[in-house]
Amino acid sequence: MSDRVTADAPGRTAAVIPAAGRGVRLGPGTPKALRALNGTPMLIHAVRAMAASRAVSLVVVVAPPDGAAEVRNLLDEHPLADHDPTEVLVVPGGGTRQESVRLGLQALTDDITTVLVHDAARPLVPVDTVDAVVAAVHDGAPAVVPALPLADTVKQVEPRTGDAAGEPEPVVGTPERALLRAVQTPQGFDRATLVAAHEKFASAAREGEGATDDAGLVERLGTEVVVVPGHEEAFKVTRPLDLVLAEAVLARRRANDGF
Ligand SMILES: Nc1ccn([C@@H]2O[C@H](COP(=O)(O)OP(=O)(O)OP(=O)(O)O)[C@@H](O)[C@H]2O)c(=O)n1
Ligand SMILES: C[C@](O)(CO)[C@H](O)COP(=O)(O)O
């Protein structure tokens, strides 16, 4: 457990964990957040990653819309350590990530002033990254994202749709890589800023014009978002090969730490 961030900031810090996705890109099966990594559901790893920060005293898990009871049972079967005071709530999610986060925000207690939003699909984020995000919010940034430089060159293309789907896509540009960052979670926010963004743009999600991350909504408000260093182990489990990588990271941790 890190001691970089202590509980002396004004108000409490909560983590909302959207875990309501199906995991279509991972392939058929159990909803992604409930699939096992080293025998433990991905969601449990993500909850433990948030609870590892001494700053986080409340976790709100956003379950699949019809899966809140199953997720509650799973959490009860995998309790946090005896001395860990973190409270864990479960609420049902929505049809998009944005909608799920909005529903999770509604479960926050009044004394929460700082909110992290962390994908269940990023189960291995190290506590130092969590604490760096919290520290930046406590230092006054209304919105903070952890991010890494890109390893690949990125091309902007003209997507092929309809009858042309599958045909080669014309390249229309190459953004300067040094100016790009691959954004991870947890993203951290002043609570009022994040809630205002989600309330203002709630209908955008329903109309297919939602944001793929929470900071994107805050940007639409015109509020500054800043970047802190992310971590390679905070990668998102999206496709089958990511499961192999996640198991390898856990094996390396076991070998290094004996946990
Ligand atoms: N309606 C949704 C969709 C996604 N998520 C959550 O948002 C996070 C990031 O989404 P992603 O990795 O895209 O997960 P899925 O939507 O499950 O994946 P896919 O797009 O492959 O179906 C995940 O923790 C996922 O559970 C959510 O809470 N509610
Ligand atoms: C929030 C996020 O993980 C930041 O990189 C990402 O945008 C989630 O995207 P997805 O489409 O839900 O995979």
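Residues numbered from 1 in each chain as written. Chains lettered and ligands numbered in written order. Predicted model: local features only at pLDDT ≥ 70, side-chain atom pairs only at ≥ 80, totals over all residues.

Asks: Residues and numbers for the overall build of the chain, please.
Replies: In terms of helices and strands, the chain carries eight helices and twelve strands. For a compact globule of 259 residues, the expected C-alpha radius of gyration is about 18 Å, and the chain comes in at 18 Å, within 12% of that figure. Here the C-alpha coordinates of the chain stretch approximately 60 × 40 × 35 Å along the principal axes. Taken over 259 residues, the chain has a buried fraction of 41%. (Helix = DSSP H or I, 4+ residues; strand = E, 2+ residues; numbered from the N terminus. Rg over C-alpha atoms; globule rule 2.2 N^0.38 Å. Buried ≥ 20, exposed ≤ 12 C-beta atoms within 10 Å, placed from the backbone.)

Asks: So what about the UniProt feature "site: Positions MEP for the nucleophilic attack" (unreviewed entry) in the chain? Which residues, and what values?
Replies: In the numbering used here, UniProt assigns the "site: Positions MEP for the nucleophilic attack" (unreviewed entry) feature to Arg 177 and Lys 236. Relative to the helices and strands, Arg 177 resides in the loop between strand E9 (171–173) and strand E10 (181–183). Setting aside residues no more than four positions away along its own chain, Arg 177 makes contact with Leu 150, Thr 153 and Val 154. Following the sequence through the fold, Lys 236 ends up in the loop between strand E12 (226–229) and helix H8 (240–257). Once you skip the residues sitting within four places of it in the chain, Lys 236 turns out to touch Asp 119, Ala 121 and Arg 122. (UniProt positions renumbered as here; feature names shortened; annotations may be inferred. Contact = placed C-beta atoms within 7 Å.)

Asks: So what's going on with the nonpolar core? Which residues, and what values?
Replies: Ile 17, Leu 43, Met 50, Val 59 and Val 61 are the most contacted members of the largest nonpolar core, which has 63 residues in total. A per-element tally of this core places helix H1 (residues 42–51) first, with eight residues. With sequence-adjacent residues up to four places away left out, Val 59 is seen in contact with Ala 14, Ala 15, Ile 17, Val 47, Met 50, Ala 51, Thr 86 and Val 88. (Core = buried A, V, L, I, M, F, W, Y, C linked by C-beta atoms within 7 Å.)

Asks: Tell me about the packing of helix H5 (residues 191–200) against helix H7 (residues 214–221), residues and numbers included.
Replies: The N-to-C vectors of H5 and H7 enclose an angle of 85 degrees; their axes lie 9 Å apart at closest approach. Taken together, the axes of H5 and H7 are roughly perpendicular relative to one another. Of H7, the residues touching H5 (which contributes Thr 193, Leu 194, Ala 196, Ala 197, His 198 and Lys 200) are Asp 214, Leu 217, Val 218, Arg 220 and Leu 221. Looking at the contact of H5 with H7 residue by residue, the classes come out as six nonpolar, two polar and three charged. (Axes fitted to C-alpha atoms, helices over the stretch in contact; angles between N-to-C directions. Parallel < 35°, antiparallel > 145°, perpendicular 65-115°, else oblique. Nonpolar A, V, L, I, M, F, W, Y, C, P; charged D, E, K, R; others polar.)

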